[in-house]
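Fold and geometry: a report
In case you want the letters, here they are:
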Amino acid sequence: MAVKEEWEALSAECAGCRACPLCETRTKLVFGVGNPQSEIMLIGEGPGEQEDLQGVPFVGPAGKLLDQMLEMIDLDRTKVYIANMVKCRPPRNRDPQPTEQEACRRWLDRQIALVDPKIIVCLGRIAAMGIIKEDFRITREHGQWFDVGGRRVMATYHPSALLRDVSKRPEAFMDLRALRKEIREICTRTY
Ligand code: URA
Ligand code: SF4
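All of the points below concern the structure found in this document. (Residues numbered from 1 in each chain as written. Chains lettered and ligands numbered in written order. Predicted model: local features only at pLDDT ≥ 70, side-chain atom pairs only at ≥ 80, totals over all residues. Heavy atoms only, no water.)

**Comments concerning the pairing of strand β3 (residues 81-84)**
Note the following rule: We call a residue buried when its accessible area falls under 20% of the maximum for its residue type, exposed when it is over 50%, and partly exposed in between, using a 1.4 Å probe and counting protein chains only. Numbering goes from the N terminus for both helices and strands, where a helix is a DSSP run of H or I of at least four residues and a strand is a run of E of at least two. Two strands pair if DSSP finds at least two bridges between them.
Burial along β3 is two-sided: Tyr81 and Ala83 facing one way and Ile82 and Asn84 facing the other are all buried. Pairing geometry for strand β1 (residues 33-34) and β3, over two bridges, is antiparallel. Considered in β3, the bridge of glycine 34 is made with tyrosine 81. Summarising the sheet, strand β2 (residues 40-44) and β3 pair through four bridges and their orientation is parallel. Note that in β3 the partner of methionine 41 across the bridge is tyrosine 81.

This is the structure:
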């Protein structure tokens, strides 16, 4: 199967997923958005209220800020691929539970394999703990590069955290600059 067909098959298969209890309360499943052929992938936590209603990641207030952050380094959501640790909204935006994240990993792992990004950016501690290491400390380790399965992976603050605490924004900006530099160094296409 060509990658495009595999991608469509994956998305169609995921659409009917009932592998964890979050399927009971979702409005729409949120698979991902952007360019699945990008060399850069962003991974968030899980859908919020607006995402659940629209079926698209990062379209609420945090998403607006994420768009601005991407724009600062000449990116936008059409140039990267964006997905979440869990595809269905946790009730009242609580953290997705480890069992839910484990159940949903089948989709994320296949998305990562098909996109095959050179660079992964974890948005917030939940994604960093799932992708980089279980004991990841966001305040101490954001902006650092890790090697995960041959990919360059870093975490920065989640845009929701930057909405709650603007004092973290300069550090997040430094992380974006580090991302910009890494893209210039290792990506084969221009962004
Ligand atoms: N927060 C996330 O982590 N993901 C979204 O898609 C929206 C908000
Ligand atoms: Fe399936 Fe993931 Fe939704 Fe759970 S959160 S029902 S595992 S798609």
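On we go.
**A look at the packing of aromatic side chains**
What counts is decided by this rule: For this analysis, a ring pair means two rings from Phe, Tyr or Trp (six-membered ring only for Trp) whose centres lie within 6.5 Å, classed as stacked if their planes differ by under 30 degrees, edge-to-face if by over 60, and tilted for the remaining angles.
In the structure shown here, the tally under the stated rule is three aromatic pairs. Judged by centre distance (5.1 Å) and plane angle (85°), the ring pair of tryptophan 7 and tyrosine 81 falls under edge-to-face. Here tyrosine 81 lies in strand β3 and tryptophan 7 lies in helix α1 (residues 3-15), a separation of 74 residues in the sequence. The same class applies to tryptophan 7 and to tyrosine 81, which are both buried. Taken together through their ring pairs, the aromatic side chains of Trp7, Phe31 and Tyr81 make up a single cluster.

**Re the packing of α1 against helix α4 (residues 98-115)**
The criterion, for reference: Axis lines are fitted through C-alpha atoms, for helices just across the contact stretch, and the angle between N-to-C directions can take any value from 0 to 180 degrees. Oblique is the label for every angle not falling under 35 degrees (roughly parallel), over 145 degrees (roughly antiparallel), or within 65 to 115 degrees (roughly perpendicular). Left-handed describes a crossing whose near helix is turned anticlockwise from the far helix through less than a right angle; right-handed describes the clockwise counterpart. Contacts are assigned to residue pairs with any non-hydrogen atoms lying within 4.5 Å of each other. Under the scheme applied, nonpolar residues are Ala, Val, Leu, Ile, Met, Phe, Trp, Tyr, Cys and Pro; charged residues are Asp, Glu, Lys and Arg; polar residues are all the others, including Gly.
Two elements in contact, α1 and α4, have axes separated by 11 Å at closest approach and are oriented at 165°. When the interaxial angle is binned, α1 and α4 end up roughly antiparallel. Our pair here, α1 against α4, has a crossing hand that is left-handed. Touching Val3, Glu6, Trp7, Leu10, Glu13 and Cys14 of α1 are Trp107, Arg110, Gln111, Leu114 and Val115, all from α4. Counted by class, the contact of α1 with α4 contains seven nonpolar, one polar and three charged residues.

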